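Observations on the three-dimensional arrangement
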Amino acid sequence: LISGKEMQVVTNPAEIIPPVYELDGWAFDGWDKDLKKITTNTEVKAKWTRWKITFNGNGGRLVDGKESQLVGKVSDIIVPTYVKTGYTLTWDKEISEVKADTTVNAIWTANKYKLTLLDADSKIIEVKYDDKIGELPTAQKQGFRFGFWAVDGSSVKEQTVWKWTENKTATAYWLNEGEYLLDLDYNGGSVLEPNPATYRADGETFTVNNPTRY
């Protein structure tokens, strides 16, 4: 009992002042009788309700909290924490407005990152996580042949899928005399150790790592 009187003597229903109750984990859902129609000695019982809220991470990893909760008021809801590399989380429903059995679904928005091409007048390309880098310019340098763009020492091209979670800088790799590009298409596979991106035509031998595919 928060306020009001549990026992009241009245001469007509208009004099009834309903007391206020609280029950942890439950929401007040009215009385089991119509107070406006009471004309005799009567016991009136409070009705209580609560609802189930289910959080769907939609591919995110749960790191804290409960995915399924029984609550009686919005303040009882404890939103769990999910993470997904390269993505920002929002929900498909407004949590503060949930007042019935509900499933709340995670919406993951790919983060955007910047790729700065140093040898192309520091041109900046914006790329979404899990997206292909897209069209790349060819760098120009007097007396040199352009090979490829390199990020952290590894070559990147238009079909490279962005898997970094930070902005990156690409530098041009310039081919030496007798050096040529080696473009390996793994056809859906991948390698743990990067393969050489160039080879020489003067009899040099090299080893390539075989790709694997799940």
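What you see is a predicted model; the values in this text were computed from it and never measured. (Residues numbered from 1 in each chain as written. Predicted model: local features only at pLDDT ≥ 70, side-chain atom pairs only at ≥ 80, totals over all residues. Heavy atoms only, no water.)

The subject of this paragraph is the pairing of strand S11 (residues 145–151). The element S11 is largely enclosed, with a buried count of 5 among its 7 residues. Across 5 bridges, the pairing between S11 and strand S13 (residues 168–175) is antiparallel. Counted as the bridge partner of Phe-146 is Trp-174 from S13. Taken together, the 3 bridges between S11 and strand S12 (residues 154–156) define a ladder with antiparallel strand orientation. Residue pairing for S12: Ala-150 is matched across the bridge by Ser-155. In sequence, S11 turns back onto S12 through a hairpin of 2 residues, with Asp-152 there showing a positive phi of about 55 degrees. (Buried < 20%, exposed > 50% of the residue type's maximum accessible area, 1.4 Å probe, protein only. Helix = DSSP H or I, 4+ residues; strand = E, 2+ residues; numbered from the N terminus. Pairing = 2+ DSSP bridges.)

Another aspect to go through is unusual backbone geometry. A positive phi angle is found at Asn-58, which is not glycine, with a value near 50 degrees. Since its relative accessible area comes to 37%, Asn-58 is described here as partly exposed. Its identity is not glycine, yet Asp-121 carries a phi of approximately 55 degrees, on the positive side. Looking at Asp-121, the relative accessible area reads 78%, which means it is exposed.

Attention now moves to the side chain of Thr-102. Mapped onto the secondary structure, Thr-102 falls in strand S8 (residues 102–110). Among residues more than four places away in sequence, those in contact with Thr-102 are Lys-52, Ile-53, Thr-54 and Lys-93. (Contact = heavy atoms within 4.5 Å.)

Right, let's get into the sheet that holds strand S5 (residues 68–71). Reading across the sheet, the 4 strands line up as S5-S3-S8-S7 and stay open at both edges, with mixed pairing between neighbours. Taken across any chain shown, the strands that pair with only one partner, and hence form the sheet edges, are S5 and strand S7 (87–91). Recorded for the sheet is a direction-independent mean angle of 25 degrees between the axes of neighbouring strands. The pairing of S7 with S8 spans 5 bridges and is classified as antiparallel. Within S8, the residue paired with Trp-91 across the bridge is Ala-106. (Axes fitted to C-alpha atoms, helices over the stretch in contact; angles between N-to-C directions.)

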